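Structural overview
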Amino acid sequence: MFYRQAAIRHTSYDQTKKLYPIPFDKWLVVAVLLVALLAPFMMSGLYLNSYLLPWVIWSTAALSLNLLMGYAGQIHLGYAAVMAIGAYSSVHAMRLGVPFEFALILGGATAMIIGVGFGFTALRVKGLYLAISTLAVQYLVDWVLTHVPAIGGGTQATLQTPTPALLGFEITTDIGRYYLAFGWCALVTIFMLNVKRTGLGRALIAVREKDYAASVLGVNSYYYKLIAFAVSSFFGGVTGAILAFTFFGAVTPEQYSIDISIQILAMVVVGGLGSVLGSFFGAGFILLAPLFLNNMVTGMAEAYDFGVSRSILSHIPLILYGGLIMLFLLFEPLGLAKIYDNIRKYFLVWPFGFSRR
Amino acid sequence: MNISKSAEPPKLLSCEQIDRSFGGLKALNGVSLSVSRGEIFGLVGPNGSGKTTMVNAITGFYPPDAGKVIFNGRDITGIKPYLIARLGVARTFQNLALFKGMSVLDNILLGRHVHMKPGVLSTALYWWMARKEEVANRQFVEEIIDFLQLQSARDEPVETIPIGLQKRVELARALVAEPTFLILDEPMAGMNQEEKEYMARFILDARDEMGVTVFLIEHHMDVVTGICDRMIALSYGEMLAEGSPKEVITHPRVIEAYLGGSH
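Because the structure is a prediction, the values reported are computed rather than measured.

1. A look at the overall build of chain B
In terms of helices and strands, chain B carries ten helices and ten strands. Over its C-alpha atoms chain B spans a radius of gyration of 19 Å, differing by no more than 12% from the 18 Å that the globule rule assigns to 263 residues. Projecting the C-alpha coordinates of chain B onto the three principal axes gives extents of approximately 65 × 40 × 40 Å. Residues classed as buried in chain B amount to 53% of the 263 residues present. Long-range pairs, those at least 24 residues apart, make up 67% of the contacts in chain B between residues at least 6 apart in sequence. Accessible surface for chain B amounts to roughly 11900 Å². Of this, 51% is attributable to carbon and sulfur atoms. Seen as two clouds, the 27 positive and the 32 negative side-chain charges of chain B have centres 6 Å apart.

Rendered as structure tokens:
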């Protein structure tokens, strides 16, 4: 129908490496980009700040974790801690007078150094053992943030973030903050799209699938796992800082607790491991589904009288939310991105259904 | 340079007195062999005779307990597998080791890893850095795809194609690395007669056109005797016989190992 592979003839190898060889895909991406860019002028500040901005930021976080989990196949249960390191370091750096741009990079670099230093020890173990040892990072960082006043600001403390400024222009409006988050998200997305089509991505997948076969091809699996840890931690650190500067306007340990780590993990898994599009779907689902379900149930309760008590009513959205996650994963274990892909493939050959696979 | 006056051609690989045991089991016991440049060298033996262990000792997966592996004049005993791969040793696996979830093309492209420098920066700046390298390597990969007649399978997910083709993809992945030494661990296991003939032709062509020295483990005796220049036979980790295919398969100890003492 809209997707047509017919009449797309590549005449060079370069053309086959295009991100979106099918015109419909390309225009879809352009349309989504335009909507995302014009969104601040089309929706109210409330929607922008409480729906779109967090969606963009959490998608970036999910993308960054996806490099480590989806590509390199290394599970990380303490990703919020990595983000915390980035956020706290950049806030402290700015308070010491470092310009915003450098503070962000510094935050990312600190997260990277701690992430890699930790990766050195954690990568000696595999699978579940790695998962448990990444959990240790979460608890270590949590402890440091609450018990070391020089970093966390003391027990129960909240550190206000200084006003961010890009190239000397202070970012004080909602729109400015949204574009800052959006710009960072675009950079990470482009990187992740490129990973898919270069030797780096292939090497990471090789390490994930069969490390012995990778090594026979000259791939140093330990090195590539460390690379994945490093890049993923850098992105996570900067994203954590962006989250603090644009969304919360402050840093507290609770913003980067174990709950948040699990949520990012859920975003990656529900969205689809190793999928760029899936990270956006996953973040959107995990973040926005509870809000929408809540509004829906409250709205319905007001319209029709269910005759159930308020306390039960407040639990219904949670039940639905958990049920939805389970349903999606039962229906398609490869996540929301795979569901989209199935639909797309159906239309790719429509009206002929024979070449589905 | 190696300017020896002897009539012997220079050896590409020589293994000296390789020992390897797993717990109490002696998988290899004092095995020595040497492979000359441009040769197709066969390794045969009954199941469990230590053939794959020998390959693993050469490629660094199970470093030998004792003995030396010398490749191209360099001692590679105990070196990490990925470093040995970079010296020009490629191999295929007995039970296919292709990467599921990737296309046939991407699997073969991975074989080019030793000739590429993938990095974070070149990936981030794809249009200015990685692009040229990707296209150049794709070009070489396409030549091998033509060579092994894999054009029609190029874009398929690798796990969906038949096993005979998968074996060929693995050969392609090994060949695109432009190895000097190619180890094939039962490349024809589970193939029918026609596929076997194709594979034998590809191995001969790889040697003749690309100058690859081949180390072949195979159970199909017709193939081994047909294409190998020299071979050795192993049984329970011991060397039974060495020489031309005819000498080896008619050797009384080899016949005994395969058929039992009172055949």
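Now that the structure has been shown, the text picks up again.
2. Here's the deal with unusual backbone geometry
Most of the time, phi is negative for any residue but glycine, and the peptide bond is trans. Residue and element names in this part refer to chain B. In this structure, Q17 is a non-glycine residue whose phi angle is positive, near 50°. With respect to the helices and strands, the residue Q17 is situated in strand β1 (residues 11-22). For Y236, which is not glycine, the phi torsion reads 45° and is therefore positive. Within the secondary structure layout, Y236 lies in the loop between β9 (230-235) and β10 (238-243).

3. A closer look at the packing of helix α3 (residues 45-71) of chain A against helix α11 (residues 221-248) of chain A
Residue and element names in this part refer to chain A. Running from amino to carboxyl end, α3 crosses α11 at an angle of 165°, the nearest separation of the two axes being 7 Å. With respect to each other, α3 and α11 are oriented roughly antiparallel. Here α3 runs over α11; the crossing is left-handed. Contact with α3, carried on its side by N49, L53, P54, I57, W58, T60, A61, S64, L65, L67 and L68, involves A228, F229, V231, S232, F235, G236, T239, I242, L243, T246 and F247 of α11 and no other residues of that element. Looking at the contact of α3 with α11 residue by residue, the class counts come to 15 nonpolar, seven polar and no charged.

4. Points about the sheet that holds strand β2 (residues 25-36) of chain B
All names here are of chain B. A sheet is described by the order of its strands in space; here four strands give the open sequence β2-β1-β4-β5, paired in antiparallel fashion. Edge positions in the sheet fall to β2 and β5 (74-75), since each of these pairs with one other strand and no more. Across two bridges, the pairing between strand β4 (residues 66-71) and β5 is antiparallel. Counterpart to F71 in the pairing with β5 is R74. On the sheet, helix α1 (residues 51-59) packs against β1, β2 and β4 and is oriented at approximately 115° with respect to β1.

5. Examining α3(A)
Residues and elements named next belong to chain A. The end-to-end C-alpha distance of α3 is 36 Å, a good match for the 39 Å that 27 residues give at a rise of 1.5 Å each. The largest bend along α3 reaches roughly 35° and is located at L65. Along α3, 21 of the 27 residues are buried, which leaves the element largely enclosed by surrounding structure. Once α3 finishes, G73 follows within two positions and takes phi at roughly 70°, a positive value.

6. Looking at the nonpolar core
All names here are of chain A. Counting residues in hydrophobic clusters, the biggest one holds 107 residues, and the most contacted among them are W58, Y178 and Y256. With 15 residues, α3 is the largest single contributor of residues to this core. Apart from residues lying up to four places away in sequence, Y178 is in contact with A36, A39, P40, L48, L52, L53 and V56.

7. Considering the packing of aromatic side chains
Centre distance and the angle of the planes are the two values used to describe a pair of aromatic rings. The tally for this structure, following the rule as stated, stands at 25 aromatic pairs over all chains. Ring plane angle 80° and centroid distance 5.1 Å describe the contact between B:F22 and B:Y62, whose orientation is recorded as edge-to-face. Here B:F22 is found in strand β1, whereas its partner B:Y62 is found in the loop between α1 and β4, with 40 residues between them in sequence. Grouped by ring-pair contacts, the aromatic residues A:W184, A:F191, A:F234 and A:F235 constitute a single cluster. The lysine or arginine in question, B:R112, covers the ring of B:F140, its NZ or CZ lying 4.2 Å from the ring centre.

8. Side note on the sheet that holds β9(B)
All names here are of chain B. The strand order across the open sheet formed by six strands is β6-β7-β8-β3-β9-β10, and the pairing between neighbours is mixed. Of all the strands in the sheet, just β6 (89-91) and β10 have a single pairing partner and so form its edges. Between one strand axis and the next, the sheet turns through 15° on average, direction left out of account. Bridging between strand β3 (residues 40-44) and strand β8 (residues 213-217) involves four bridges; their strand directions are parallel. The residue of β8 that forms the bridge with I40 is V214. Running at roughly 145° to β8, α1 makes contact with β3, β6, β7 (181-185), β8 and β9 of the sheet. Lying on the sheet, helix α7 (residues 193-210) is in contact with β3, β7 and β8; it crosses β3 at an angle near 140°.

9. Side note on helix α13 (residues 276-303) of chain A
All names here are of chain A. For α13, built from 28 residues, the straight-helix expectation of 40 Å at 1.5 Å per residue is met to within 8% by its first-to-last C-alpha distance of 39 Å. Along α13, the helix axis deviates most sharply at L288, where the bend reaches about 40°; the proline P290 sits within four residues downstream. The N-terminus of α13 is capped by S275, whose side-chain oxygen sits 3.5 Å from the backbone nitrogen of L277.

10. Topic: the pattern of salt bridges
One pass over the structure, following the stated rule, counts 20 salt bridges over all chains. Among the salt bridges present, the one from B:R173 reaches B:E170, with a minimum N-O distance of 3.6 Å. One end of the pair, B:R173, and the other, B:E170, are both in helix α6 (residues 163-175), three residues apart, so they sit about a helical turn from each other. The residues B:R173 and B:E170 share a single accessibility class, namely buried. The shortest N-O distance in the salt bridge between B:R207 and B:D208 comes to 2.9 Å. Ionic contacts of the salt-bridge type, sharing partners, join the residues A:K17, A:R202 and B:E134 into one network.

11. Quick word on the interface of chain B and chain A
Contacts between the two partners involve 39 residues from chain B, matched on the other side by 31 residues from chain A. Approximately 3200 Å² of surface area, both sides summed, lies buried where chain B meets chain A, with 65% of it carried by carbon and sulfur atoms. Three residues, B:F99, B:T123 and B:Y126, lead the burial of chain B against chain A; their summed loss comes to 18% of the area buried on that side. At the boundary of chain B and chain A, one finds three salt bridges. Linking chain B with chain A are eleven residue pairs in polar contact (both at pLDDT 80 or more), by the criterion used here. The set of elements that each furnish at least two residues to the side of chain B that touches chain A consists of α2 (81-86), β6, α3 (104-110), α4 (120-124) and α5 (130-147) of chain B. Per-element accounting of the side of chain B that touches chain A gives the leading share, seven residues, to α5(B).

12. With respect to the domain arrangement of chain A
Residues and elements named next belong to chain A. Entries for chain A in the domain assignment read domain 1 (1-39) and domain 2 (43-349). For domain 1 versus domain 2, the distance between C-alpha centres works out to 27 Å. With 15 residues of domain 1 in contact, the opposing surface of domain 2 contributes twelve residues. In this assembly, domain 1 and domain 2 are joined by one salt bridge. With its nearest N and O atoms 2.6 Å apart, the salt bridge here joins R344 to D25. Split by residue class, the side of domain 1 that touches domain 2 holds ten nonpolar, one polar and four charged.

What counts, and at which threshold
Residues numbered from 1 in each chain as written. Chains lettered and ligands numbered in written order. Predicted model: local features only at pLDDT ≥ 70, side-chain atom pairs only at ≥ 80, totals over all residues. Heavy atoms only, no water. Helix = DSSP H or I, 4+ residues; strand = E, 2+ residues; numbered from the N terminus. Rg over C-alpha atoms; globule rule 2.2 N^0.38 Å. Buried < 20%, exposed > 50% of the residue type's maximum accessible area, 1.4 Å probe, protein only. Contact = heavy atoms within 4.5 Å. Areas by Shrake-Rupley, 256 points an atom, 1.4 Å probe, with all protein chains shown as cover. Lys, Arg positive; Asp, Glu negative; His and termini not counted. Charge placed at Lys NZ, Arg CZ, Asp CG, Glu CD. Axes fitted to C-alpha atoms, helices over the stretch in contact; angles between N-to-C directions. Parallel < 35°, antiparallel > 145°, perpendicular 65-115°, else oblique. Left-handed = near helix turned anticlockwise from the far one by under 90°. Nonpolar A, V, L, I, M, F, W, Y, C, P; charged D, E, K, R; others polar. Pairing = 2+ DSSP bridges. Expected span 1.5 Å × (residues − 1). Bend = angle between axes of the 7 residues up to and from the residue. Core = buried A, V, L, I, M, F, W, Y, C linked by side-chain atoms within 4.5 Å. Phe/Tyr/Trp six-rings, centres within 6.5 Å; stacked < 30°, edge-to-face > 60°. Lys NZ or Arg CZ within 6 Å of the ring centre and 35° of its normal. Polar contact = N/O pair within 3.5 Å; in protein donor to acceptor, adjacent residues only side chain to side chain. Salt bridge = Lys/Arg side-chain N within 4 Å of Asp/Glu carboxyl O. Buried area = accessible area lost by both parts, 1.4 Å probe. Domains from an automatic or database assignment.

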